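Chain and residue survey
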Amino acid sequence: MSFIAPNQTIGIIGGGIDSYTLTLAARQMGLHPAVLTATANDPALAAADFALFGDLSNPLPFSDLADMSQVID
């Protein structure tokens, strides 16, 4: 298990209500949430520091998220 220090970026896949809750918790822990979603009106984007959009059946958006994150959930 790895320790994630504050001020690091956590990648979150999906933008629904569960991702919104996770995004809020990450912010409370001092992390910077980056949300990868297919649509621009998902709830998690309201609390995200970074937003990535793309076709979730394509590996390229996941690669972009991995490049900017220390951990992905």
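Worth saying up front: this structure is predicted, and the values here are computed from it rather than measured.

**Considerations on the side chain of Thr9**
- Residue placement: Thr9 occurs in strand S1 (residues 9-13).
- Once residues lying within four places of it in the same chain are set aside, the contact partners of Thr9 are His32, Ala34, Phe50, Met68, Ser69, Gln70 and Val71.

**Quick notes on the environment of Asp55**
- Mapped onto the elements of the fold, Asp55 is located in the loop between strand S3 (50-53) and helix H2 (59-68).
- Given the relative accessible area of 48%, Asp55 is considered partly exposed.
- Residues Asp55 and Thr37 lie 18 residues apart in sequence; the distance between their C-alpha atoms is 8.0 Å.
- Polar side-chain contacts of Asp55 include one of 2.8 Å to the side chain of Ser57.

**Quick look at the nonpolar core**
- By size, the foremost hydrophobic cluster in this structure holds eight residues: Ile10, Ile12, Ala26, Leu31, Val35, Ala44, Leu45 and Ala48.
- If near-sequence neighbours (up to four positions away) are discounted, Ile12 is found in contact with Ser19, Leu22, Thr23, Pro33, Ala34, Val35, Leu36, Leu65 and Asp73.

**Details of helix H1 (residues 17-28)**
- The end-to-end C-alpha distance of H1 is 17 Å, a good match for the 16 Å that 12 residues give at a rise of 1.5 Å each.
- Within the sequence span of H1, burial applies to Ser19, Thr23 and Ala26. One face of H1 carries all of its buried residues, which in axial projection span an arc of 65°. In H1, the exposed positions that point more than 90 degrees away from the buried face belong to Ile17, Asp18 and Gln28.
- Elements that come into contact with the buried residues of H1 comprise S1 and strand S2 (32-37).
- Just past H1, the residue Gly30 takes up positive phi, approximately 85°.

Calculation rules
- Residues numbered from 1 in each chain as written.
- Predicted model: local features only at pLDDT ≥ 70, side-chain atom pairs only at ≥ 80, totals over all residues.
- Heavy atoms only, no water.
- Helix = DSSP H or I, 4+ residues; strand = E, 2+ residues; numbered from the N terminus.
- Contact = heavy atoms within 4.5 Å.
- Buried < 20%, exposed > 50% of the residue type's maximum accessible area, 1.4 Å probe, protein only.
- Polar contact = N/O pair within 3.5 Å; in protein donor to acceptor, adjacent residues only side chain to side chain.
- Core = buried A, V, L, I, M, F, W, Y, C linked by side-chain atoms within 4.5 Å.
- Expected span 1.5 Å × (residues − 1).
- Arc of directions from axis to C-beta.

Without other data, these values stay purely geometric and don't point to any function.
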